[in-house]
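Residue-level structure breakdown
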Amino acid sequence: MLVLSYKGKEAEMDWPQCFECGEEFNPRRKALGYEHCLECGESHAHEVSERMKKCTAPLYNKGAYQYVGSVQDARWAGR
């Protein structure tokens with residue numbers, strides 16, 4: 001258990017565990033919405049960015065490539 005103190009107040013917090021490796025990470029990181037430790041989070045972010053690179057298409061004639069996030073968007077791309 002971790003005891004954090006700020007401005008004279010103390011709060012007890014449990015260290016959350018990473019979903020992939022089970023390692024404990026900072027509760028402030030969990031409060032920001034992260035569910036992975038730094039090492040696993042970095043590899044997860046790399047996997048997501050590699051997948052998103054493949055999900056681009058020109059949305060109109062001679063237009064710039066843009067991210068297409070769903071099948072519905074992909075059906076209408078370029079029309």
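Residues numbered from 1 in each chain as written. Predicted model: local features only at pLDDT ≥ 70, side-chain atom pairs only at ≥ 80, totals over all residues. Heavy atoms only, no water.

**Thoughts on the overall build of the protein**
Scanning the protein from N- to C-terminus turns up 3 helices and 4 strands. The linear arrangement of helices and strands in the protein, starting from the amino end, is β-β-α-α-β-β-α. Residues counted as buried form 18% of the 79 residues belonging to the protein. Excluding contacts between residues fewer than 6 apart, the proportion of contacts in the protein whose partners are at least 24 apart in sequence is 3%. Carbon and sulfur atoms provide 52% of the accessible area of the protein, an area that totals close to 6,700 Å². (Helix = DSSP H or I, 4+ residues; strand = E, 2+ residues; numbered from the N terminus. Buried < 20%, exposed > 50% of the residue type's maximum accessible area, 1.4 Å probe, protein only. Contact = heavy atoms within 4.5 Å. Areas by Shrake-Rupley, 256 points an atom, 1.4 Å probe, with all protein chains shown as cover.)

**Regarding the packing of aromatic side chains**
Scanning the model with the defined rule gives 0 aromatic pairs in all. Above the plane of the ring of Tyr34 lies Arg29, whose end atom (NZ or CZ) is 4.3 Å from the centre. (Phe/Tyr/Trp six-rings, centres within 6.5 Å; stacked < 30°, edge-to-face > 60°. Lys NZ or Arg CZ within 6 Å of the ring centre and 35° of its normal.)

**Notes on a negative patch on the surface**
Taken together, the side chains of Asp14, Glu23, Glu24, Glu39 and Glu42 present a region of like negative charge at the surface. In this fold, Glu42 is placed in helix H2 (residues 38-53). Residue Glu42 is classed as exposed on the basis of its relative accessible area, which comes to 61%. (Patch = residues over 30% accessible without salt bridge, like charges linked within 9 Å, V, L, I, M, F, W, Y side chains within 5 Å. Salt bridge = Lys/Arg side-chain N within 4 Å of Asp/Glu carboxyl O. Lys, Arg positive; Asp, Glu negative; His and termini not counted. Charge placed at Lys NZ, Arg CZ, Asp CG, Glu CD.)

**Considering the pattern of salt bridges**
Following the criterion strictly, the structure yields 1 salt bridge and no others. Here Glu50 makes a salt bridge to Lys53, at a shortest N to O gap of 3.1 Å. One end of the pair is Glu50 and the other is Lys53, both in helix H2 and 3 residues apart, which spans about a single turn. Of the residues examined, Glu50 reaches a relative accessible area of 32% and is grouped as partly exposed.

**Quick look at the environment of Ser70**
Among the structural elements, Ser70 can be located in the loop between strand S4 (65-67) and helix H3 (71-76). Residues Ser70 and Cys55, spaced 15 residues apart in sequence, show a C-alpha to C-alpha distance of 8.9 Å.

**Some thoughts on the side chain of Arg29**
Here Arg29 shows up in helix H1 (residues 27-31). Although buried, Arg29 forms no salt bridge, and the nearest oppositely charged side chain, Glu39, lies 8.1 Å from it.

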